[in-house]
Amino acid sequence: MISTVPPSTIFIIGAFLIPLLRGRLKSAYLLLLPFVSFINLINISEGTHWVVRFLDYELVFGKVDRLSLVFGYIYHLISFIAFLYALRVKDDIQHVAGYVYSGSSLGVVFAGDFITLFLFWEMMTITALVLVWSRRTKKSLVAGFRYLLVHIAGGLCLLAGIVLYVINTGSIEFGYIGLKGLATYLIFIGFGVNCAWPGLHPWLPDAYPESTITGAVFMWTFTTKTAVYVLARSFPGTEALIWIGAIMTCFPIFYAVVENDLRRVLAYSLINQVGFMVCGIGIGTALSINGTVSHVFCHILYKGLLVMSMGAVLHQTGKINGTDLGGLYRTMPLTCIFCIVGAASISAFPLFSGFVSKSMVMEAAAMGHMKIIWFMLLFASAGVFHHAGIKVPFFAFFSHDSGIRTKEAPLNMLLAMGITAFLCIFIGIFPGPLYSLLPYPVDFEPYTPFHVVGMSQLLFYGSLAFTLLILSGIYPPEVRAIHLDADWFYRLPGKRFVWLCERPVIAIGNFVEAISLKIAGGSSKYLPSGTADAESGIDKFYHVGLASIPTVIYNWVKHLRTEIPYLPWNLIYVLILFIGLLFTIFLLGR
Amino acid sequence: MKMGKEETEKKKEYFFDKPKNVKIFFIFYYLWLLFLLVVEPFIHKHTYFPWEEWPEFYAVFGFVACTALVLAAKYILRPLVKRKEDYYD
């Protein structure tokens, strides 16, 4: 038995050595770190470790059981793959952010109490933000600011819930919570923001497609899946989650059909896939929880594979819109094959990984006789094939010939995709090793003849619909456009509010100022000299007091801009809100 | 010299550039679809819902669902939510 450290520490501390290394040594270090951390992980026995006393509470950095271990394994695996993919990136900030992001996700997964959970939770937000901003475009900058605002709001909601919960129960232990009372609802919604629930989701298709090519692999993996973990830990069997999950599987596929940016299509299909997991948590039987966890495992791999293949296309051609791409199979045959493997896995074709995991959730819904839910999931299964399974590979690699003749992706990217593609097929053919890792004993056989034929029929006849719609010209053509989503509710009013402050409020201010000057200047002729003091008082009131109110509001609000120099101001505003909120919560909690 | 290379690259015929290959692909594709329909009555069904026992339920559902999805996205969602690219600027 070797001595071990908390699972998150090797990534987080190791990350800060990266800028000190150069050349091959740095590459080797980036690839070795996940192995070192993994060896540490497998030597940790199940149970509660690293309990630290802090004030009156006990912080737990290592709550290790079968549920958290699966997440630990897959996070290490995808970290290795993501760093192999990102090996040629020269930007140290991205590497450090990547490792701290993975490390803090591990921190959440192994957290045994609310305080460590919340700390790592917020670290994930910040490091993910760095990966968005590292793209260094105007679009990524503003999308990053919106990402930050949404996640800070979600984080505050979570914190408010935690504070109330701890006041009510007197314990900071993180375990089963269940929906009862205000505190638990706040925690529930706080988790839901990171999980991209319907209505709380627009940050995801907004910010993720603007992230860096290599950072995208981390983004598509950690935030949502960690939220799935905390929900599986604290709200299993909550009925609301069944419906939330089922809606999540259905509504994004409509957006994915009309969306032009292929990485945004993948962002919508991420919400769809997380929907299956959330639904599984809501059903709450051993089979459905197993389904959720195995779906997390497979999903991280095949979604990573799809994101990597689209990243390789973006890296080689500089384009990602369906309107600009097409016919790339000619010069990027390997990337094309890997993309198709990922597409087949996410669509749950027999012999690919999605098949052995998604069917568990479907089966659990069927066993619970949930007719409507089962139909929604079946519709979503056909729909996910339609957009992620056919649309993404078809518009990038086939379709019309865009005339782009580029080279195949660099070797490290191909290797990363190749390893992931191999794992997708391996898990699909031999699900046994994956099933042995799941939290509950598995009594489930995915490869029954009926199941194989039924699923094949569903998918191939879905593809027939696609083929006929394309050939007949009915399929909606890709167009350059914005498709409004729930973010409209904060983006448009935000824009209007700034306009309101800049135009009408200032105009009123100028008007009041002009009037008061006129009164002050005009009236002095007719008044006796004794009233001069009163007059100057009135003048002061009008001129300085009233007229300056719009100016003061304007001066406040103009700092709320999405530019880096304004960041300190924005943070101060958030802090003021934060203190106000905490104060209210304490009053409520009394 | 480089131009010449690019031009030959453009002229080079790839797999799906030949109409014959596309034809062969579609023949296999349709045969496979037919096979899936034909094989269904011969397998044992383990069902949870009555409609799963209807003949070719999954094939019909897959086809109808995907068609409905595309039509709904094109004719309902897109008119509602499509805006110009500079909408938020």
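Not measured: the values here are computed from a predicted model.

Reading guide: rules and limits
- Residues numbered from 1 in each chain as written.
- Chains lettered and ligands numbered in written order.
- Predicted model: local features only at pLDDT ≥ 70, side-chain atom pairs only at ≥ 80, totals over all residues.
- Helix = DSSP H or I, 4+ residues; strand = E, 2+ residues; numbered from the N terminus.
- Rg over C-alpha atoms; globule rule 2.2 N^0.38 Å.
- Contact = placed C-beta atoms within 7 Å.
- Buried ≥ 20, exposed ≤ 12 C-beta atoms within 10 Å, placed from the backbone.
- Nonpolar A, V, L, I, M, F, W, Y, C, P; charged D, E, K, R; others polar.
- Pairing = 2+ DSSP bridges.
- Expected span 1.5 Å × (residues − 1).
- Axes fitted to C-alpha atoms, helices over the stretch in contact; angles between N-to-C directions.
- Parallel < 35°, antiparallel > 145°, perpendicular 65-115°, else oblique.
- Left-handed = near helix turned anticlockwise from the far one by under 90°.
- pLDDT = per-residue confidence, 0-100.

## A short note on the overall build of chain A
(1) Moving on: What chain A contains, in helices and strands, is 21 helices and 3 strands.
(2) Moving on: Computed over the C-alpha atoms, the radius of gyration of chain A is 27 Å, within 12% of the 25 Å expected from 2.2 N^0.38 for a compact globule of 590 residues.
(3) Moving on: Within chain A, residue pairs in contact and separated by at least 24 positions form 81% of the contacts whose partners lie at least 6 positions apart.

## Topic: the overall build of chain B
(1) Moving on: Counting its regular elements, chain B contains 3 helices and 1 strand.
(2) Moving on: Listing every helix and strand of chain B by position from the N terminus yields α-α-α-β.
(3) Moving on: When burial is assessed residue by residue, chain B has 13% of its 89 residues classed as buried.

## Quick notes on the interface of chain A and chain B
(1) Moving on: At the interface, 40 residues of chain A touch 37 residues of chain B.
(2) Moving on: Only helix H10 (239-258), helix H14 (353-367), helix H15 (371-397), helix H18 (449-472), strand E3 (482-483) and helix H19 (488-523) of chain A provide two or more residues apiece to the side of chain A that touches chain B.
(3) Moving on: Broken down by element, the residue count for the side of chain A that touches chain B peaks at 15 residues, all from H18 of chain A.
(4) Moving on: Residue composition of the side of chain A that touches chain B, by class: 26 nonpolar, 8 polar and 6 charged.
(5) Moving on: Two strands pair when backbone bridges link them, and E3 of chain A and strand E1 (residues 82-83) of chain B are joined in this way by 2 bridges, in the antiparallel orientation. In the sheet register, His483 of chain A faces E1 of chain B, and the bridge partner there is Lys82 of chain B.

## Some remarks on helix H5 (residues 114-133) of chain A
All names here are of chain A.
(1) Moving on: Taking 1.5 Å of rise per residue, 20 residues should cover 28 Å, and H5 covers 29 Å from first to last C-alpha, within 8% of that figure.
(2) Moving on: Among the residues of H5, Phe114, Thr116, Leu117, Phe118, Phe120, Trp121, Met124, Thr127, Ala128, Leu131, Val132 and Trp133 are the ones counted as buried.
(3) Moving on: Of the surrounding elements, those touching the buried residues of H5 are strand E2 (57-64), helix H4 (92-109), helix H6 (138-169), helix H8 (203-207) and helix H9 (215-234).

## What about the packing of H14 of chain A against H15 of chain A?
Residues and elements named next belong to chain A.
(1) Moving on: Orientation of H14 relative to H15, taken along the N-to-C sense of each, is 155°, at an axis distance of 9 Å. By the angle between their directions, the pair H14 and H15 is classed as roughly antiparallel. Relative to H15, the crossing made by H14 is left-handed. From H14, Lys358, Met362, Ala365 and Ala366 reach across to H15, where they touch Ile373, Trp374, Leu377 and Ser381.
(2) Moving on: Partitioned by chemical class, the residues of the contact of H14 with H15 number 6 nonpolar, 1 polar and 1 charged.

## Considering the confidence of the model for chain B
Residue and element names in this part refer to chain B.
(1) Moving on: Averaged over all residues, the pLDDT of chain B is 82; the fraction at 70 or higher stands at 88%.
(2) Moving on: Model confidence for chain B, summarised as mean pLDDT per element, is weakest for helix H1 (residues 2-11) at 51 and strongest for helix H2 (residues 19-39) at 90.
(3) Moving on: Taken over the whole predicted complex, pTM reads 0.87, whereas the ipTM for its chain interfaces reads 0.87.

## Looking at the packing of helix H3 (residues 66-85) of chain A against helix H16 (residues 411-429) of chain A
All names here are of chain A.
(1) Moving on: Relative to each other, H3 and H16 sit at 155°, their axes nearing to 7 Å. In this view, H3 runs roughly antiparallel relative to H16, as classed from their interaxial angle. Residue-level inspection shows Ile81, Leu84 and Tyr85 of H3 in contact with H16, the latter providing Asn412, Met413, Leu415, Ala416, Ile419 and Thr420.
(2) Moving on: A breakdown of the residues in the contact of H3 with H16 according to their chemical character gives 7 nonpolar, 2 polar and no charged.

## So, H3 of chain A
(1) Moving on: Relative to the 28 Å expected for 20 residues at 1.5 Å per residue, H3 of chain A spans 29 Å between its end C-alpha atoms, a close match to the ideal helical length.
(2) Moving on: Within H3 of chain A, 16 of the 20 residues are buried, leaving the element largely enclosed by the surrounding structure.

## Remarks on the environment of Glu58 of chain A
Residues and elements named next belong to chain A.
(1) Moving on: Tracing the backbone shows Glu58 in strand E2.
(2) Moving on: Between the alpha carbons of Glu58 and His95 there is a distance of 32 Å; along the sequence they are 37 residues apart.
(3) Moving on: Those residues within four positions of Glu58 in sequence are excluded, and the remaining contacts are Val51, Arg53 and Asp113.

## Let's talk about the environment of Thr420 of chain A
(1) Moving on: Checked against the element boundaries, Thr420 of chain A lands in helix H16.
(2) Moving on: Residues contacting Thr420 of chain A, with those up to four places away along its chain left out, are Ile81, Leu301, Gly304, Leu305 and Met308 of chain A.

## Observations regarding the pairing of strand E1 (residues 47-54) of chain A
Residue and element names in this part refer to chain A.
(1) Moving on: For E1, a buried count of 0 out of 8 residues is recorded, marking the element as mostly open to its surroundings.
(2) Moving on: For E1 and E2, the ladder comprises 7 bridges, and the chain directions are antiparallel. Residue pairing for E2: Thr48 is matched across the bridge by Lys63.
(3) Moving on: Where E1 hands over to E2, the hairpin turn is made up of 2 residues, of which Leu55 adopts a positive phi near 50°.

## Regarding unusual backbone geometry
When glycine is set aside, most residues are seen to have a negative phi, and most peptide bonds are trans.
Residues and elements named next belong to chain A.
(1) Moving on: Here Trp50, not a glycine, exhibits a phi torsion of approximately 50°, which is positive.
(2) Moving on: Along the chain, Trp50 falls in strand E1.
(3) Moving on: Positive phi, close to 60°, is recorded for Ala196, a residue that is not glycine.
(4) Moving on: Secondary-structure assignment places Ala196 in the loop between helix H7 (182-195) and H8.
(5) Moving on: With 26 C-beta atoms packed within 10 Å, Ala196 lands in the buried category.

## Observations regarding the environment of Leu458 of chain A
(1) Moving on: In this structure, Leu458 of chain A sits in helix H18.
(2) Moving on: The exposure class of Leu458 of chain A is buried, given the 26 C-beta atoms found within 10 Å.
(3) Moving on: Taking the C-alpha atoms as reference, Leu458 of chain A lies 20 Å from Ile425 of chain A; in sequence the two are 33 residues apart.
(4) Moving on: Beyond its immediate stretch of four places on either side in the chain, Leu458 of chain A contacts Ser381 and Ala382 of chain A together with Tyr58, Phe61 and Gly62 of chain B.

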